[in-house]
Amino acid sequence: MDIHDKTKDQLIKELLQLRHEIDLLNTSKEKLAVELIIANKELAFISRAVESTSDVIGITDKQGRHFYQNKAFSDLFGYETAEETEAAGGGMARVKDKGIAKQMVENILHGKSWSGELEMVTKSGRIFPAYERAYAIKDKEGNTIGVIGIINDITERKQKEETLAKSERLISSIYDTVGDVIYYLKVEAGECYRFISVNPSFLKITGLSKEMVVGKLVNEVIPEPSLSMVKGKYRQAIKEKSIIRWEEISDYPTGQLIGDVSITPVFDGKGFCTHLVGSVHDITKSKQAEEKLLKSENMLLTVLANFPGVVFWKDRHSNYLGCNQSFATTVGLKNTAEIVGKTDLEMPWTATETINYLKDDMAVMESGKGKFHIIEMLRQFDGQAKWIDLSKLPMRNSLGEVIGVIGISNDISMLKIAEKELINTNKVLSIQNYEKEKRAEEFNFANIELIAQNIDIEEYSAELVIANKELVIKNEEINKNITIIKQSEELLVHSNQQLSNYASNLQLVRDEERL
């Protein structure tokens, strides 16, 4: 329709419509201008935020051209502008591993994001570890029009992680090799405590297997009556928020164990106790050793208490550390405890005796060698003195260092009296021996005379033997003569008989003749 054919009303209507459209257009333009101003302000705000952030940000278009980088990017990589970075190969050229760079681009082009750790290279050639998050920039229709990369230099974090890893390895090494028992408990509801981990020493000392402990509640591992006691200690540690220590005796497959136990509560950020760390130092052997030592000490104290002699010991400064009752009685003390801390200046010795005692102490401690059988007088608290046979020895610690002196003495007063009596007896015996020697000398002279007489007797005896021999010969001759005489006597007797008979006969004849 030609404008001339339109009516006035129609023209006015169209004009009003056109004006309305112009007004709408102006309104939209003004609105767009306002939106543009707001958008520019937001963009400026975002730009300032991007520039001030410590995160490294770089933007690349769809063709891979690097056209934007923030200050953090420039500071990290050393390229002052995006143009300089692009001239050096772009943002992707900063990735050391080209395979990772390619994978990143492919993910973005397919509308996916990418994140991960990688190594990057600065302008100076320094290689550093980084963590990058790369996202696709899309238009309203969802088409990828660029890539934004957010990079964090994780050098410090990596160093901390390595330090932490070393620390964890060290802790793990200690955890696995330390001789003490270490265990880790999780605190659960209802005052339940579950073993999360235990070290090898736990298993070795208790004789339990890992399966018998890890994942189990303490009720299933620790026997009564220890169980009730340790749970009370756990509650105390949590309530007081402090380390609790105690000694514990428990029966395990390896036998009865005595442990020096400590439990440490671990709290989260809200103040709730989540875990307990426990350690047990096995003191079974040391306790047994202590018991043996106690028995030994009791036996020693019994010996000292009943030892008739004197025993005392001093520190390096000659201060008394202890003594037996015999010494305490000698110096006028009621019991052995009263001697501790006293010096020889407080004892009933004379000044000269005190000086001599201290000199002996120093000589023994400085030389490290004992002095034996020192015979001297000891003055008692009542003023009387007695003779003693004293020996002093160096007192040493476990390292062999001299830390004092030990004195041991015996009362030899009776021995001294006996010795004096013996001297007197020896004098008497000496006189008696002199007289005996004199008599012996006289006996010797008498013996000499007897010997001379014996020699004369022996000579006379020899002569007698010779005379006896001669007598024997003479006797033999005499015997022969006697035999002859006897024979002559027999013959004479016979002759006499014959003569008698003859005489008788002759008398008869004479008688007859007379007749």
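The rules behind these values
- Residues numbered from 1 in each chain as written.
- Predicted model: local features only at pLDDT ≥ 70, side-chain atom pairs only at ≥ 80, totals over all residues.
- Heavy atoms only, no water.
- Helix = DSSP H or I, 4+ residues; strand = E, 2+ residues; numbered from the N terminus.
- Buried < 20%, exposed > 50% of the residue type's maximum accessible area, 1.4 Å probe, protein only.
- Contact = heavy atoms within 4.5 Å.
- Areas by Shrake-Rupley, 256 points an atom, 1.4 Å probe, with all protein chains shown as cover.
- Pairing = 2+ DSSP bridges.
- Axes fitted to C-alpha atoms, helices over the stretch in contact; angles between N-to-C directions.
- Phe/Tyr/Trp six-rings, centres within 6.5 Å; stacked < 30°, edge-to-face > 60°.
- Lys NZ or Arg CZ within 6 Å of the ring centre and 35° of its normal.
- Core = buried A, V, L, I, M, F, W, Y, C linked by side-chain atoms within 4.5 Å.
- Patch = residues over 30% accessible without salt bridge, like charges linked within 9 Å, V, L, I, M, F, W, Y side chains within 5 Å.
- Salt bridge = Lys/Arg side-chain N within 4 Å of Asp/Glu carboxyl O.
- Lys, Arg positive; Asp, Glu negative; His and termini not counted.
- Charge placed at Lys NZ, Arg CZ, Asp CG, Glu CD.
- Polar contact = N/O pair within 3.5 Å; in protein donor to acceptor, adjacent residues only side chain to side chain.

> An account of the overall build of the protein chain is needed here, citing residue identities and associated values.
A count of helices and strands for the protein chain gives 12 helices and 15 strands. Within the protein chain, the proportion of its 515 residues that are buried is 26%. Within the protein chain, contacts between residues separated by at least 24 positions form 38% of all contacts whose residues are at least 6 apart in sequence. Accessible surface, the protein chain: about 35000 Å² in total, of which carbon and sulfur atoms supply 58%.

> Tell me about the sheet that holds strand 12 (residues 320–323), and name the residues and values.
With respect to topology, five strands assemble into an open sheet ordered 12-11-15-14-13, the strand pairing being antiparallel. The strands lining the two open edges of the sheet, one partner per strand, are strand 12 and strand 13 (371–379). Within the sheet, the average angular offset between the axes of one strand and its neighbour, ignoring direction, is 25 degrees. Of the strands in this sheet, strand 11 (310–315), strand 13, strand 14 (385–396) and strand 15 (402–411) touch helix 11 (residues 351–367), which is tilted by about 160 degrees from strand 13.

> Hey, could you go over the sheet that holds strand 2 (residues 66–69) for me, with residue numbers and the actual values?
With antiparallel pairing, five strands are arranged side by side in an open sheet as 2-1-5-4-3. Of all the strands in the sheet, just strand 2 and strand 3 (114–121) have a single pairing partner and so form its edges. With direction set aside, neighbouring strand axes in the sheet form an average angle of 30 degrees. Sheet topology places strand 1 (residues 56–61) next to strand 5 (residues 144–153); six bridges connect them, and they run antiparallel. Considered in strand 5, the bridge of Thr60 is made with Val147. Contacting strand 3, strand 4 (127–138) and strand 5, helix 4 (residues 98–109) runs over the sheet at an angle of about 145 degrees to strand 3.

> Account for the pairing of strand 1, naming residues and giving values.
Within strand 1, six of the six residues are buried, which leaves the element mostly enclosed by the surrounding structure. Residues Val56, Gly58 and Thr60 of strand 1 are buried on one face, and the alternating residues Ile57, Ile59 and Asp61, pointing to the opposite face, are buried as well. In the sheet, strand 1 pairs with strand 2 via three bridges, with the strands oriented antiparallel. Each bridged residue has a counterpart across the sheet, and for Ile59 the counterpart in strand 2 is Tyr68.

> I'd like a rundown of the packing of aromatic side chains, residues and numbers included.
What describes a pair of aromatic rings is the distance from one ring centre to the other and the angle between the planes of the rings. One pass over the full model with this rule turns up 11 aromatic pairs. Between the aromatic rings of Phe73 and Phe77, the centroid separation amounts to 4.7 Å while the plane-to-plane angle is 35 degrees, which identifies the pairing as tilted. On the criterion of helical spacing, the pair formed by Phe73 and Phe77 is a turn pair, its members being four residues apart in helix 2 (residues 71–77). The two residues Phe73 and Phe77 agree in class, both being buried. Taking the centre distance of 5.8 Å and the plane angle of 55 degrees together, the rings of Phe77 and Phe128 count as tilted. Note that Phe77 is positioned in helix 2 and Phe128 in strand 4, a separation of 51 residues in sequence. Phe128 carries the same exposure label as Phe77, and that label is buried. A connected cluster of aromatic rings, assembled from ring pairs, spans Phe312, Tyr320, Phe327, Trp349 and Tyr357. For the cation-ring pair, Lys241 lies above Phe267, with the distance from its terminal atom to the ring centre recorded as 5.4 Å.

> Provide a residue-level description of the nonpolar core, including the pertinent values.
Residues Tyr183, Leu185, Phe195, Phe202, Val218, Tyr234 and Ile263 are the most contacted members of the largest nonpolar core, which totals 25 residues. Put simply, the parts of the chain that give this core at least two residues each are strand 6 (181–188), strand 7 (192–198), helix 6 (200–206), helix 7 (218–221), helix 8 (226–240), strand 8 (244–252), strand 9 (255–267) and strand 10 (273–282).

> So what about unusual backbone geometry? Which residues, and what values?
Although it is not a glycine, Glu191 sits at a positive phi angle of roughly 55 degrees. Here Glu191 is to be found in the loop between strand 6 and strand 7. Taking the relative accessible area as the measure of exposure, Glu191 reaches 38% and is therefore partly exposed. Not every positive phi belongs to a glycine, and Lys241 is a case in point at roughly 55 degrees. With respect to the element layout, Lys241 can be found in the loop between helix 8 and strand 8.

> Break down the pairing of strand 14 for me, with residues and values.
With seven bridges connecting them, strand 13 and strand 14 associate as antiparallel partners. Residue pairing in the sheet places Arg379 in a bridge with Ala385 of strand 14. What sits between the antiparallel neighbours strand 13 and strand 14 is a turn of five residues, in which Gly383 has the positive phi angle 90 degrees. Here nine bridges tie strand 14 to strand 15, and the two strands are oriented antiparallel to one another. Its bridge partner lying in strand 15, Leu393 is registered against Ile406. Count of turn residues in the strand 14/strand 15 antiparallel hairpin: five residues, of which Gly400 carries a positive phi of about 85 degrees.

> Pulling in residues and values, what's your account of a negative patch on the surface?
Side chains of Asp456, Glu458, Glu459 and Glu463 sit close together on the surface and give a patch of like negative charge. Following the sequence through the fold, Glu463 ends up in helix 12 (residues 413–514). Here Glu463 falls in the exposed class, since its relative accessible area comes to 51%.

> Provide a residue-level description of the side chain of Thr60, including the pertinent values.
With respect to the helices and strands, the residue Thr60 is situated in strand 1. Each residue touching Thr60, except ones within four places of it in the same chain, is listed here: Arg65, His66, Phe67, Gly146 and Val147.

> An account of the pattern of salt bridges is needed here, citing residue identities and associated values.
Evaluation of the coordinates by the stated rule reveals 17 salt bridges. The closest approach of N and O atoms between Glu117 and Arg157, which form a salt bridge, is 2.4 Å. You can see Glu117 sitting in strand 3 and its partner Arg157 sitting in helix 5 (residues 155–177), a full 40 residues away along the chain. On the accessibility criterion, Glu117 (39% relative accessible area) is partly exposed. Assessed through its relative accessible area of 34%, Arg157 is described here as partly exposed. For the salt bridge of Lys158 with Glu117, the shortest nitrogen-to-oxygen distance reads 2.8 Å. Here Lys158, found in helix 5, pairs with Glu117, found in strand 3; they are 41 residues apart in sequence, far enough to count as distant. Residue Lys158 is classed as partly exposed on the basis of its relative accessible area, which comes to 30%.

> Could you give me a rundown of the side chain of Lys314, with the residues and numbers involved?
Summarising the element assignment, Lys314 is placed in strand 11. One polar contact links Lys314 to Asp344, side chain to side chain, over a distance of 2.6 Å. The contacts of Lys314, once residues within four sequence positions are left out, are Asn319, Tyr320, Leu321, Asp344, Asp361, Met395, Ile403, Gly404 and Val405.

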